[in-house]
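Structural features, examined
Below, each chain spelled out in residue letters.
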Amino acid sequence: MKTETLAIVRQMQDNEATDQAIYAALAKQTKSPGNRKVLEKIASDEAVHCTVWERYTGAKAQVNRFKVRLFVLLGKIFGLVFVINLLESGEEDASATYAKLADDLPEARGIMEDENRHEAQLAAMIHEESLSYISSMVLGLNDALVELTGALAGFTLALNDNQLVGMAGFITGVAATLSMAASEYLSKKADSNEKHPLKAAVYTGIAYLITVALLLLPYGLLSSPLVALFFCLVIAGLIILGFTFFVSVVRKTPFLPGFLEMIGISFGVAAISFFIGWAARAWFNIEM
């Protein structure tokens, strides 16, 4: 076997061993018997693949323990669907590598078929209740980012006092949270297909309230209103980055277009509100 091919096989062996450990850990972590059964079967298949590659390399596989711990932690924080979809993207890369090896190694084709079967199983196996309300979370998050970043930008230039800006932002944020949650509840209740309108309202409200708290944080910690606004926008950008990535993985949609659209709207509204605050200060002759 060529040295280059052997290096690829060794890498695939280690990847299979690591994936086997991840699937086994996720199987122990999930509470769904159906999900556990499929995950255990996939882990078993990965172990078989690793054994096949071991016959060529003559060495034991090296499991990436850091990756295993990381994916288990991500599963606890973001849910099984998120982690499974991340692993599935790796399965696609592995399938492409197996296709290149198929001419030299006959076992590679069978392993590639197993990997493709994994993708189909993984796509159909998982159901998490929280993901049923992801549209509600998106609604709460989007509205909070657009409305509150805009309001805080306007308040910052008009009031020029972090305590006043923080108080005005808190009142605005809490009132908007209750309003958004109530609107979501009434909207979902009017939908005959929605069985749990209260849960949808709760997810909307929680997403909104957490966003409000994070955006107001710089105004409680810093003394300069403009510096606080800067860090408020940085936090808003990081929230958009993280949540857009989460949604793109879970829904299997492109990340960059969604991120640019969301950050463009939020920061665009903030810029307009900032100039409205400047105009209001000039109109009412408020001294800085």
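Okay, the overall build of the chain next. Scanning the chain for helices and strands turns up 10 helices and 0 strands. Along the chain direction, N to C, the helices and strands of the chain fall in the order α-α-α-α-α-α-α-α-α-α. Restricting to contacts in the chain with at least 6 residues of sequence separation, those with at least 24 account for 75%. For the chain, the computed accessible surface area is about 15400 Å², with 64% contributed by carbon and sulfur atoms.

One pass over the structure, following the stated rule, counts 6 aromatic pairs. Seen in terms of ring centroids, Phe 82 and Phe 246 are 5.6 Å apart; in terms of plane orientation they differ by 20 degrees. Their pairing is stacked. Note that Phe 82 is positioned in helix H4 (residues 80–101) and Phe 246 in helix H9 (residues 225–251), a separation of 164 residues in sequence. Across the pair, Phe 246 and Phe 82 agree in class, each one buried. Centre to centre, the rings of Phe 230 and Phe 231 are 5.2 Å apart; their planes meet at 80 degrees, and the pair counts as edge-to-face. Connected via pairs of aromatic rings, a cluster forms that spans Phe 82, Phe 243, Phe 245, Phe 246, Phe 255 and Phe 259.

With that out of the way, let us pick up the packing of helix H8 (residues 197–221) against H9. The interhelical angle for the contact between H8 and H9, taken along N-to-C directions, is 150 degrees, at an axis separation of 7 Å. Here H8 lies roughly antiparallel to H9, going by the angle between them. Crossing handedness for the pair H8 and H9: right-handed. On H9, the residues touching Thr 211, Leu 214, Leu 215, Pro 218 and Tyr 219 of H8 are Pro 225, Ala 228, Leu 229, Phe 231, Cys 232, Ile 235, Ala 236 and Ile 239. Looking at side-chain class alone, the contact of H8 with H9 contains 12 nonpolar, 1 polar and no charged residues.

About the thresholds
- Residues numbered from 1 in each chain as written.
- Predicted model: local features only at pLDDT ≥ 70, side-chain atom pairs only at ≥ 80, totals over all residues.
- Heavy atoms only, no water.
- Helix = DSSP H or I, 4+ residues; strand = E, 2+ residues; numbered from the N terminus.
- Contact = heavy atoms within 4.5 Å.
- Areas by Shrake-Rupley, 256 points an atom, 1.4 Å probe, with all protein chains shown as cover.
- Phe/Tyr/Trp six-rings, centres within 6.5 Å; stacked < 30°, edge-to-face > 60°.
- Buried < 20%, exposed > 50% of the residue type's maximum accessible area, 1.4 Å probe, protein only.
- Axes fitted to C-alpha atoms, helices over the stretch in contact; angles between N-to-C directions.
- Parallel < 35°, antiparallel > 145°, perpendicular 65-115°, else oblique.
- Left-handed = near helix turned anticlockwise from the far one by under 90°.
- Nonpolar A, V, L, I, M, F, W, Y, C, P; charged D, E, K, R; others polar.

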